[in-house]
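Structural overview
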Amino acid sequence: MKIWLLRLLGAVGLFLSGGHAPARLSAAFAVLLTFASSASAVIERHQLPPIAEYAASPTYELTVDGLNVQVTRFDSGYDYAHFTRVSGSMNLQVKTLYGSISQWAISPAKLPIAATVSGNTMSFTLNQEHYLIIATDGRRLVMAIDPPYVKPPSSGAGIRNVVTQYGANNQGGGWATAAVQAAIDDTHNAGGGIVYVPVGRYYVGNLTLKSNVHLFMEGGAVFRFHGTSANYTHDAFKSSQNRWLTWWIKTTAGSTNVKIYGRGTLDANATNTIGPNNFACNVVVPLGTSNFTMEGIVVRDAGTWSVIPARSHNITFKNVKMFNSVLNSMTEDDGIDVNECQDVVIDGCIAIAHDDSFSTKTWAGTGITVNWPGSPQPVDDVLITNCLAWSDYYAYKIGEGTNQTQNNVRFVNNVAFDCAVGVGISAKWGNAPVTNTRFEAIDIERVNGNSWGNSAWWHGWIQDADGLGGGNITGVYLKNIKVRDAGNTAAALEGLNASSKIDTVTFENVVMPGQTTRATTLAQMNVTSVQFATNITVR
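Residues numbered from 1 in each chain as written. Predicted model: local features only at pLDDT ≥ 70, side-chain atom pairs only at ≥ 80, totals over all residues. Heavy atoms only, no water.

One finds F223, L266, M294, F358, W457 and W458 to be the most contacted residues of the largest nonpolar core, which totals 89 residues. One finds L62, V64, I106 and L126 within the second-largest nonpolar core, a separate group that totals 25 residues. (Core = buried A, V, L, I, M, F, W, Y, C linked by side-chain atoms within 4.5 Å. Buried < 20%, exposed > 50% of the residue type's maximum accessible area, 1.4 Å probe, protein only.)

Pasting the structure below:
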């Protein structure tokens, strides 16, 4: 049998698997239509609703085996495209609409991807899904290619469709909050199941996810934040931004087995709401929950910390895409900040932000944390792996909050595309210890920003911003670090004093720019700002 036919049958089988075959026929036919344009690759496109904010890019066009894929204009430092590879090898063509391509690069640089350029067209082939950042002549295209996944049926036993069963407005013409929340509540009260969100644009207020509820969003389904503070709860005041925040989509404290997944978009709409309303949302807040999963979702245009799991355990983020601004006009739009959680895995995600991309934090029960349930908790056993970061501050960080112990935080096999600091520990607030930290297999491509005067591939320091005396950082292991850009300032190991110091630090196989062998001294790694740091090993 022809290879292309096998791929076709496999793709259709994926959509029909798992029962409810009649309800899945439309999805199968969508695959057939997609395949008709491509004998090599089967892809699923995620077309956003046709409104001005999701207009086509004026800079780029994208085809995959001749099939047009939407490139969305995003006036935040880049444009982006999002689709799912179902099967097959993908032949991609990126066309620039401004003229011929003279300079270009594709990140992650470590892959590497062999591309050819002719005039205004870049061509390359991929045999598997990746998240890419393509730079051409000072412009950037973010390409998020997701892996295959299994869709649930849109109706049937245990499925509650927010449009067909609850009448949710999916045209952006009114509020859909009550309908969506009713579907969530009914699913929870029935013992669990799936809340199905079809393609469309939904204006929603605060939503509360409850135990055993799995919220599925189709590709092209968009929850859009309205931004008028009267329509949302006021959950935290962020003094550094001088504005109230709402927890837009949160979990019930004490909940378990909660999931939000699919290929839909959560649009925080900060570009249009921060100015007139001075009000923002933490987009997803897993709060006092356990066994929580967020998978495949796009988060875009946040005006404050985007995704903030807090005082929770057994948390998983998989293939989550955070498309925030990297421009100076938007601040503190962090990607994922793990706050006082245990047993957390962040795998295969991309976080683009003006502020930190990925971080862990602990607090003193004040400020934005005053309404969090329970007492302050430590951070323990966190793995951040296979991720891509683009930030004007830290790409991968522990801190700044260290009011409770942080232990066994690991950053493994990640890429920092652009940042002020590639990897680091910033113990600025609090005096609790940071112990057993690991940064391994990190590729730092470009260090260009400025975070509190620092622009370096690595920065570890202890401060005493709150007068508590500072804590200790003990047991830091950096291994297999590829530094393509060392930055503009010295890398640091800066303890505060003899009582609050950095101890037992190992640098192993750190390769600096222009070198092919590992560094053997701190000076070769540009780690020249050293104080109150002991037991340092370079090997």
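For the coordinates displayed, the defined rule picks out 23 aromatic pairs. Relative to Y80, the ring of F74 lies with its centre 5.8 Å away and its plane at 90 degrees, an arrangement referred to as edge-to-face. Y80 carries the same exposure label as F74, and that label is buried. Summarising the aromatic geometry, the rings of F292 and F317 are spaced 6.2 Å apart at their centres and angled 55 degrees between planes, so their arrangement reads as tilted. Pair noted here: F292 is in strand 24 (residues 290-295) and F317 is in strand 26 (residues 313-318), with a separation of 25 residues, a long-range link. For F292, a relative accessible area of 1% gives the class buried. An aromatic cluster is present here, built from F74, Y78, Y80, F323, W390 and F417 joined pairwise through their rings. A cation sits over an aromatic face here: R263 above Y149, 3.9 Å from the ring centre. Directly above the ring of W305 sits K361, whose terminal nitrogen or CZ lies 5.1 Å from the centroid. (Phe/Tyr/Trp six-rings, centres within 6.5 Å; stacked < 30°, edge-to-face > 60°. Helix = DSSP H or I, 4+ residues; strand = E, 2+ residues; numbered from the N terminus. Lys NZ or Arg CZ within 6 Å of the ring centre and 35° of its normal.)

Here the focus is the pattern of salt bridges. All chains considered together, the criterion is met by 19 salt bridges. Measuring nitrogen to oxygen at the nearest pair gives 2.8 Å for the salt bridge that ties K321 to D146. On the criterion of sequence distance, the pair formed by K321 in strand 27 (residues 321-323) and D146 in strand 11 (residues 139-146) is long-range, its members being 175 residues apart. On the basis of relative accessible area, K321 is assigned to the buried category, the value being 0%. According to the relative accessible area criterion, D146 is buried, its value standing at 0%. A salt bridge links R410 to D381, with the shortest nitrogen-to-oxygen separation between them at 2.4 Å. (Salt bridge = Lys/Arg side-chain N within 4 Å of Asp/Glu carboxyl O.)

With that settled, consider the side chain of S89. As for its position among the elements, S89 is in the loop between strand 5 (79-88) and strand 6 (90-96). Only 2.8 Å separates the side chain of S89 from the side chain of N127, close enough to count as a polar contact. (Polar contact = N/O pair within 3.5 Å; in protein donor to acceptor, adjacent residues only side chain to side chain.)

Burial runs high along strand 37 (residues 434-444): eight of the 11 residues are buried. Here eight bridges tie strand 35 (residues 406-418) to strand 37, and the two strands are oriented parallel to one another. Residue pairing across strands places R410 opposite R438, the latter belonging to strand 37. Pairing analysis gives nine bridges linking strand 37 to strand 39 (residues 473-483), with the strands arranged parallel. Within the sheet, the bridge partner assigned to D443 lies in strand 39 and is K482. (Pairing = 2+ DSSP bridges.)

So, about unusual backbone geometry. Of note, the amide linkage connecting S107 to P108 takes the cis form, showing an omega dihedral of 5 degrees. Locating P108 in the fold gives a position in the loop between strand 7 (104-107) and strand 8 (116-118). Note that the residue after G399, namely E400, is joined by a cis bond; omega there is 10 degrees. Of note, E400 is situated in strand 34 (residues 394-402). Phi angles above zero are rare outside glycine, and D65 is one such case at about 50 degrees. Tracing the chain through its elements places D65 in the loop between strand 2 (60-64) and strand 3 (67-69). Unusually for a residue other than glycine, F532 sits at a positive phi of about 45 degrees. Tracing the chain through its elements places F532 in the loop between strand 42 (527-531) and strand 43 (533-538).

Now for the sheet that holds strand 6. Reading across from one edge, 3-2-6-9-8 is the order of the five strands in this open sheet, with antiparallel pairing throughout. Each end of this open sheet is capped by a strand with a single partner; those strands are strand 3 and strand 8. Ignoring which end each strand starts from, the neighbouring axes of this sheet average 25 degrees apart. The sheet contact formed by strand 2 and strand 6 spans five bridges and is antiparallel. The residue of strand 6 that forms the bridge with L62 is V94. (Axes fitted to C-alpha atoms, helices over the stretch in contact; angles between N-to-C directions.)

Moving on to the environment of Q342. When you line up the elements, Q342 lands in strand 29 (residues 342-347). Overall, Q342 belongs to the buried group, its relative accessible area being 17%. Q342 sits 31 residues away from R311 along the chain, and the two C-alpha atoms are 7.9 Å apart. Excluding residues that lie within four positions of it along the chain, Q342 makes contacts with S312, H313, N314, Q377, P378, D380 and D381. Polar side-chain contacts of Q342 include one of 2.7 Å to the backbone oxygen of P378. (Contact = heavy atoms within 4.5 Å.)

Next up on the list: the sheet that holds strand 42. Taking strand neighbours across the sheet as the criterion, the seven strands line up as 28-31-34-36-38-40-42 in an open arrangement whose pairing is parallel. For this open sheet the edge positions go to strand 28 (336-339) and strand 42, each flanked by a neighbour on one side alone. Strand-to-strand twist across the sheet, computed as the mean angle between neighbouring axes with direction ignored, equals 15 degrees. Across four bridges, strand 28 lies against strand 31 (residues 358-362) in parallel orientation. Bridge pairing in strand 31 places I336 opposite F358.

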